[in-house]
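Residue-level structural notes
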Amino acid sequence: MALPNDHPLATREHVSIGELLDEPFLALPASAGAMRDFWLAADQRDGHPTRIAAEITNTDETYEAVASGIGICLLAAGNAPIFARGGLTMLPVSDLSPAELVLAWHERRCPPLLETFARFCEQVARDQGSVYARA
């Protein structure tokens, strides 16, 4: 998760979702549907409402909104380096469910670059001990 450096939780090594329930969150637009709900941890709030501070649509908006203290946001660990411009603290949320990534394509129209990308994803998943299934 990303929060401003001066946030009271910024000195911690990690946080739990319970500690974040009353925080103002940055959210994808409502049109993002399930992705918006996932990044707001909607399934792990046990009915606790989400405080939406602002909607964000790109990395620069997100960085500026977090750095200025408008809200916090959950983000993939792999995206943390994108936000490492100063002004933000990235912390792991210890009790969040893992994200799932599905890569699908039509088997008769698989460009070579896509096949290369799929093999790379498969290798990364295996290296990290993630579940990987190819249908």
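Refer to the preceding data block for the structure.
The structure displayed is predicted, hence computed values, not measured ones. (Residues numbered from 1 in each chain as written. Predicted model: local features only at pLDDT ≥ 70, side-chain atom pairs only at ≥ 80, totals over all residues. Heavy atoms only, no water.)

**Structural notes on the overall build of the protein chain**
Using the following cut-off: Every helix listed is a DSSP run of H or I at least four residues long, and every strand listed is a run of E at least two residues long, numbered separately from the N terminus. Exposed residues in this analysis have more than 50% of their type's maximum accessible area, buried residues have under 20%, and partly exposed residues fall in between, with area computed by a 1.4 Å probe over protein chains only. Any two residues whose heavy atoms approach within 4.5 Å are treated as being in contact.
Helix and strand counts for the protein chain stand at 3 helices and 4 strands. Its C-alpha atoms give the protein chain principal-axis dimensions of roughly 50 × 30 × 25 Å. Here the protein chain, with 135 residues, has 30% of them falling under the buried criterion. Long-range contacts, defined here as pairs at least 24 residues apart, represent 64% of the contacts in the protein chain between residues at least 6 apart.

**Digging into helix α3 (residues 112–127)**
Heads up, the condition is: Expected span, for any helix, means 1.5 Å times one less than how many residues it has. By definition, the arc is the one covered by directions from the helix axis to the C-beta atoms.
With 16 residues, α3 should reach 22 Å at 1.5 Å per residue; the first-to-last C-alpha distance of 23 Å fits that figure. Those residues of α3 not exposed but buried are Ala118, Cys121, Glu122 and Ala125. Looking straight down α3, one finds its buried side chains confined to an arc of 100 degrees; they lie on one side. Along α3, the residues that are exposed and aim more than 90 degrees away from the buried face are Pro112, Leu113, Phe120 and Asp127.

**Focus on unusual backbone geometry**
For alanine 41, which is not a glycine, the phi torsion comes out positive at approximately 55 degrees. By secondary structure assignment, the location of alanine 41 is in the loop between α1 (34–39) and β3 (51–55). Judged by its relative accessible area of 5%, alanine 41 is buried. The residue aspartate 46 is not glycine, and still its phi comes out positive at about 45 degrees.

**Notes on the packing of aromatic side chains**
In plain terms, the rule: Pairing of aromatic side chains here covers Phe, Tyr and the six-membered ring of Trp, requires ring centres within 6.5 Å, and sorts the geometry by plane angle: under 30 degrees stacked, over 60 edge-to-face, intermediate tilted. Two thresholds decide whether a charge sits over a ring: the Lys NZ or Arg CZ must be within 6 Å of the ring centre and within 35 degrees of the ring normal.
One pass over the full model with this rule turns up 1 aromatic pair. Each ring, one from phenylalanine 38 and one from tryptophan 39, has its centre 4.9 Å from the other, and the planes form 90 degrees; the classification is edge-to-face. Looking at phenylalanine 38, the relative accessible area reads 36%, which means it is partly exposed. It is arginine 45 that lies over the ring of phenylalanine 25; its NZ or CZ is 4.8 Å from the centre. A cation over an aromatic ring shows up here: arginine 85 above the ring of tyrosine 63, its NZ or CZ 4.5 Å from the ring centre.

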